[in-house]
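Residues per chain are reported as follows:
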Amino acid sequence: MVKKTFLVLICFIGLIIFVSTLHGQGSKKTITLPSGEVVCDLNGEWDTFVENYGPMASAGNYPQINKITQTGSSFVAIRMIDDPYNRKGSQSLQGELDKKGIKKVTLLSATGGTGEAKGQISDDGNKIVIDDGIWRRFTLTRK
């Protein structure tokens, strides 16, 4: 009887360790496209920190909230609050994903300025850094 109880206890402890390890890894949200390709799911609200540098350094840095809507591998981000230069409801980003992450992304401003940029999605899919290499860097964190 003692051997059976000990065996059940060991199995139970092993199960707890296994489940907690899986839970701790955090699963990346993904979408499977009709082509079978799996891409990161960016849908939802993102806290955004906008950093202006180089020729735009005088514009300063400020927070923003973006709502990303993804259709297949394409995504669009809309500003959810006013910032010093753009109005709520205006488009801030548009881009395309592939299985490696962000394939291409464009930064948009209300003044009509656009700029191609490079984007990087974190391993857990909860942080995105988009940088045009000249003027602006957006750091988005999933809410």
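Remember, it's a predicted structure, so these values are computed and weren't measured experimentally.

### Brief notes about the overall build of the protein chain
Now for step 1: A tally of regular secondary structure across the protein chain gives one helix and ten strands.
Now for step 2: Starting at the N terminus and ending at the C terminus, the protein chain contains elements arranged as α-β-β-β-β-β-β-β-β-β-β.
Now for step 3: Residues counted as buried form 34% of the 143 residues belonging to the protein chain.
Now for step 4: Carbon and sulfur atoms provide 60% of the accessible area of the protein chain, an area that totals close to 9,100 Å².

### Focus: the pairing of strand β10 (residues 136-142)
Now for step 1: The buried count for β10 comes to five of seven residues, which makes it a mostly enclosed element.
Now for step 2: Alignment of strand β3 (residues 44-52) against β10, held across seven bridges, turns out to be antiparallel. Across the sheet, T48 pairs through a bridge with L140, a residue of β10.
Now for step 3: Where strand β9 (residues 127-131) and β10 come together, five bridges link them in antiparallel fashion. Following the sheet pairing, D131 is matched in β10 by R137.
Now for step 4: Hairpin geometry of β9 and β10 is characterised by an intervening segment of four residues between the two adjacent antiparallel strands and by a positive phi of about 80 degrees at G133.

### Here's the deal with the nonpolar core
Now for step 1: Ranked by size, the top nonpolar core spans 21 residues in total, and within it L42, I68, L93, I128, I130 and L140 carry the most contacts.
Now for step 2: For this core, the leading source of residues is strand β7 (residues 101-108), giving three residues.
Now for step 3: With near-sequence residues (within four places) excluded, I130 lies in contact with L93, V105, L107, A117, K118, G119, R136, R137, F138 and L140.

### Some points on the confidence of the model for the protein chain
Now for step 1: Residues with a pLDDT of 70 or more make up 85% of the protein chain, whose mean pLDDT is 87.
Now for step 2: Throughout residues 21-26 the model reports pLDDT below 50, and contacts reaching past four residues in sequence, or to other chains, amount to zero contacts.

### Notes on the side chain of Q64
Now for step 1: For Q64, the location among the structural elements is in strand β4 (residues 61-71).
Now for step 2: Within the structure, Q64 has its side chain in polar contact with the backbone oxygen of I81 (distance 3.1 Å).
Now for step 3: Side chain to side chain, Q64 and D83 meet in a polar contact 2.8 Å long.
Now for step 4: Ignoring any residue separated from it by four or fewer positions in sequence, one finds Q64 in contact with W46, D47, T48, V50, R79, M80, I81, D82 and D83.

### Quick word on the side chain of T48
Now for step 1: Positionally, T48 belongs in strand β3.
Now for step 2: Of the polar contacts made by the side chain of T48, one reaches the backbone oxygen of W46; its length is 3.4 Å.
Now for step 3: Of note is the side chain of T48, whose polar atom sits 2.8 Å from the side chain of N66.

### A few points about the packing of aromatic side chains
In this description, an aromatic ring pair is defined by two values, namely the gap between the centres and the angle between the planes.
Now for step 1: The tally for this structure, following the rule as stated, stands at one aromatic pair.
Now for step 2: The interplanar angle of 50 degrees and the centroid separation of 6.0 Å between the aromatic rings of Y62 and Y85 together place this pair among those described as tilted. Residue Y62 is located in strand β4, and its partner Y85 is located in the loop between β5 (74-79) and β6 (91-98); the two are separated by 23 residues in the primary sequence.
Now for step 3: On the basis of relative accessibility, which here comes to 9%, the residue Y62 falls in the buried class.

### Structural notes on the pairing of β6
Now for step 1: Relative to β6, β5 is paired through five bridges, and the arrangement is antiparallel. The residue of β6 that forms the bridge with S74 is E96.

Definitions and cut-offs
Residues numbered from 1 in each chain as written. Predicted model: local features only at pLDDT ≥ 70, side-chain atom pairs only at ≥ 80, totals over all residues. Heavy atoms only, no water. Helix = DSSP H or I, 4+ residues; strand = E, 2+ residues; numbered from the N terminus. Buried < 20%, exposed > 50% of the residue type's maximum accessible area, 1.4 Å probe, protein only. Areas by Shrake-Rupley, 256 points an atom, 1.4 Å probe, with all protein chains shown as cover. Pairing = 2+ DSSP bridges. Core = buried A, V, L, I, M, F, W, Y, C linked by side-chain atoms within 4.5 Å. Contact = heavy atoms within 4.5 Å. pLDDT = per-residue confidence, 0-100. Polar contact = N/O pair within 3.5 Å; in protein donor to acceptor, adjacent residues only side chain to side chain. Phe/Tyr/Trp six-rings, centres within 6.5 Å; stacked < 30°, edge-to-face > 60°.

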